[in-house]
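Residues per chain are reported as follows:
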Amino acid sequence: MMRSLIWLLLVFCAAAASPGAAQHEEPWKKAAPGYAWDMVRDLSLHPEYKTEWWYITGHLFAEDDPDREPFGFQLTFFRSGLVRADTLIAATAWDPVDLIMGHAAVSDPAAGEHTFSEVIRRTTPFLGGFGAPGTPVLAWCRAPAGTDARWQLEHREGAFFLMVRDDAEGLRYELECRPTRAPVFHGEGGFSPKSADGNAGSLYFSQTRMATRGTLYRQGKPVPVQGESWLDREIFTSTLSGNQKGWDWVSLRLEDGTDLMLYQLRDAQGDVDFALGTQVEADGSTRQMPASAWGLEPQAHWTSPDTGSRYPVRWKLEFADGSESLLLMAAFPEQENVSEATGIHYWEGAVTVHPWDQPDTLLGRGFVELTGYGEGSRPPI
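Definitions and limits used
Residues numbered from 1 in each chain as written. Predicted model: local features only at pLDDT ≥ 70, side-chain atom pairs only at ≥ 80, totals over all residues. Heavy atoms only, no water. Helix = DSSP H or I, 4+ residues; strand = E, 2+ residues; numbered from the N terminus. Buried < 20%, exposed > 50% of the residue type's maximum accessible area, 1.4 Å probe, protein only. Contact = heavy atoms within 4.5 Å. Areas by Shrake-Rupley, 256 points an atom, 1.4 Å probe, with all protein chains shown as cover. Patch = residues over 30% accessible without salt bridge, like charges linked within 9 Å, V, L, I, M, F, W, Y side chains within 5 Å. Salt bridge = Lys/Arg side-chain N within 4 Å of Asp/Glu carboxyl O. Lys, Arg positive; Asp, Glu negative; His and termini not counted. Charge placed at Lys NZ, Arg CZ, Asp CG, Glu CD. pLDDT = per-residue confidence, 0-100. Pairing = 2+ DSSP bridges. Polar contact = N/O pair within 3.5 Å; in protein donor to acceptor, adjacent residues only side chain to side chain. Core = buried A, V, L, I, M, F, W, Y, C linked by side-chain atoms within 4.5 Å. 1 Å grid on protein atoms, 1.4 Å probe; cavity = no way out; pocket = protein on both sides within 12 Å on 5 of 7 lines; lining within 4 Å. Points joined across faces, edges and corners; volume = space filled by probe spheres on them. Nonpolar A, V, L, I, M, F, W, Y, C, P; charged D, E, K, R; others polar.

**Examining the overall build of the protein chain**
In step 1: If you tally the helices and strands in the protein chain, you get 2 helices and 23 strands.
In step 2: The buried share of the protein chain, taken over its 381 residues, is 56%.
In step 3: A separation threshold of at least 6 residues defines the contact pool for the protein chain, and within that pool the share at least 24 residues apart is 58%.
In step 4: For the protein chain, the exposed area adds up to about 15200 Å²; of that, 50% sits on carbon and sulfur atoms.

**Here we look at a negative patch on the surface**
In step 1: Together, E63, D64, D65 and D67 give the surface a local cluster of negative charge.
In step 2: Along the chain, D64 turns up in the loop between β1 (51-62) and β2 (71-81).
In step 3: A residue is classified by how much of its surface remains accessible, and D64, at 62% relative accessible area, is exposed.

**Notes on the pattern of salt bridges**
In step 1: Counted according to the given criterion, the structure contains 21 salt bridges.
In step 2: For D259, the salt bridge is made with R209, and the minimal N-O distance between the two is 2.7 Å. Pair noted here: D259 is in strand β15 (residues 259-267) and R209 is in strand β12 (residues 201-218), with a separation of 50 residues, a long-range link.
In step 3: A salt bridge links D248 to R266, with the nearest nitrogen and oxygen atoms 2.8 Å apart.

**Side note on the confidence of the model for the protein chain**
In step 1: Of all residues in the protein chain, 89% have pLDDT values of 70 or greater, and the mean over the chain is 90.
In step 2: Below a pLDDT of 50 lies the segment residues 1-25, which in the model reaches 92 contacts outside its immediate sequence neighbourhood of four places, other chains included.

**Remarks on the pairing of strand β6 (residues 137-142)**
In step 1: Sheet topology note: the strand β5 (residues 128-130)/β6 ladder contains 3 bridges and is antiparallel. Its bridge partner being in β6, F130 is matched across the sheet by A139.
In step 2: Connecting β5 to the next strand, β6, in antiparallel fashion are 6 residues, including G134 with a positive phi near 90°.
In step 3: Where β6 lies against strand β7 (residues 150-156), 5 bridges are found, and the strand directions are antiparallel. Pairing of A139 across the sheet is with L153, part of β7.

**Structural notes on unusual backbone geometry**
In step 1: The residue E157 is not glycine, and still its phi comes out positive at about 50°.
In step 2: Assignment of secondary structure puts E157 in the loop between β7 and β8 (159-166).
In step 3: Look at E157 and you get exposed, because its relative accessible area is 65%.
In step 4: If you check the backbone angles, Q219 has positive phi at about 55° while not being a glycine.

**Here we look at the environment of A268**
In step 1: Tracing the sequence through the fold places A268 in the loop between β15 and β16 (272-280).
In step 2: Sequence-wise, A268 and Q244 are 24 residues apart; in three dimensions their C-alpha atoms are separated by 6.4 Å.
In step 3: Filtering out sequence-adjacent residues up to four positions away, A268 remains in contact with N243 and K245.

**Section: the side chain of H354**
In step 1: In this structure, H354 sits in strand β22 (residues 345-355).
In step 2: Assessed through its relative accessible area of 5%, H354 is described here as buried.
In step 3: Of the polar contacts made by the side chain of H354, one reaches the backbone oxygen of T361; its length is 2.9 Å.
In step 4: For H354, the residues in contact, after removing those within four places along its chain, are S325, L326, L327, M329, P359, T361, L362 and L363.

**Some thoughts on the nonpolar core**
In step 1: Counting residues in each nonpolar core, the largest one holds 35 residues, and the members touching the most others are L75, F77, W151, L153, F160, L162 and Y173.
In step 2: Filtering out sequence-adjacent residues up to four positions away, L153 remains in contact with W54, I56, F77, P136, V137, L138, A139, F160, F161 and L162.
In step 3: If you look at the next biggest cluster of nonpolar residues, it comprises 25 residues, including L262, L326, L328 and A330.

**Comments concerning empty space enclosed by the protein**
In step 1: Going through the model one piece at a time under the given rule, you end up with 1 cavity of 30 Å³ or more.
In step 2: Its boundaries defined by the atoms lining it, the largest cavity holds a volume of some 30 Å³.
In step 3: In this structure, the largest cavity is lined by H59, E69, P70, P109, A331, A350, V351, T352 and R365.
In step 4: No other element matches β22, which puts 3 residues into the lining of the largest cavity.
In step 5: Residues of the lining of the largest cavity, tallied by class, amount to 5 nonpolar, 2 polar and 2 charged.

**Re the environment of A132**
In step 1: Within the secondary structure, A132 sits in the loop between β5 and β6.
In step 2: Of the residues examined, A132 reaches a relative accessible area of 41% and is grouped as partly exposed.
In step 3: Note: C-alpha distance between A132 and L45 (87 residues apart in sequence) is 7.0 Å.
In step 4: Sequence-distant contacts of A132, defined by excluding residues within four places in its chain, comprise S44 and L45.

Quick look at the structure:
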């Protein structure tokens, strides 16, 4: 699914154009049906496309206090191409070919605290970059100013390794995420359309269930944690059509083994312009979920004191086949990410899943992302 604020990177594109670019650059490749997937290659960067991301969210239980509500966490690496590398003349490693942005957050429902950090860099040997296919490092960048560390996402020995640290914000975790289910490809063959005519879309797959363990730091002290997480991998050049303002994206892992990924794109009036989803059964089989198969109806809202944006934080999820409706509830409302660099904001939050009429019965957990809420927040992608 289109994810968070990749458009932040675009703010910097005009100022960062490479002097080594050819006079007439070739256009970026467009995501299209019929893509031949190679999981070694496709975990790594795709310089022929303009935009891609690695997006991980999950829930972490403290090993010394398993009854405590789990922490929610997010790590996203975004790549935005400034110029196609194959159009450069006498290119060097210091040419600003790409921008890299990292977003990281930890939510603590027990304390009602949400901590967010961001990094934006040009890709150079000192500031950050992306690994070549087959190498362990997928993406990395220097930590925010004042923290002598690096943010990093690796893939080795069949698992993903995450490292994040921001001393000023008190945000730090080091995690291993090991898939327990085969990759799930969204749309036909992994092409996920974002409009009814199919002219906008992305190459998109997920690792919906990853056993996760490691260390989360709270007030500078290490807290051993374990839980489960979800990876989204998305590659594209253009996604939103001209009348689309933002999206609601949902990922759910239910205790019966079912996984759900759902997204709906909203127009300027707030109406659903296009929607699609994927349901994964406990045996790993999948089926597409068109807009006619489900509906997501907000039931309660929260207004951010920082941005004034009004976000839904409680939803009714209904299914056209007569399946039991579900209640989605934010673990707590205050899970908004606000970029200090640009002021752009979005809501990225842990949610719990319940039978519609039994809010005290837990059926599963998930994440919801809400973009395009508030003035001036339409992503130009």
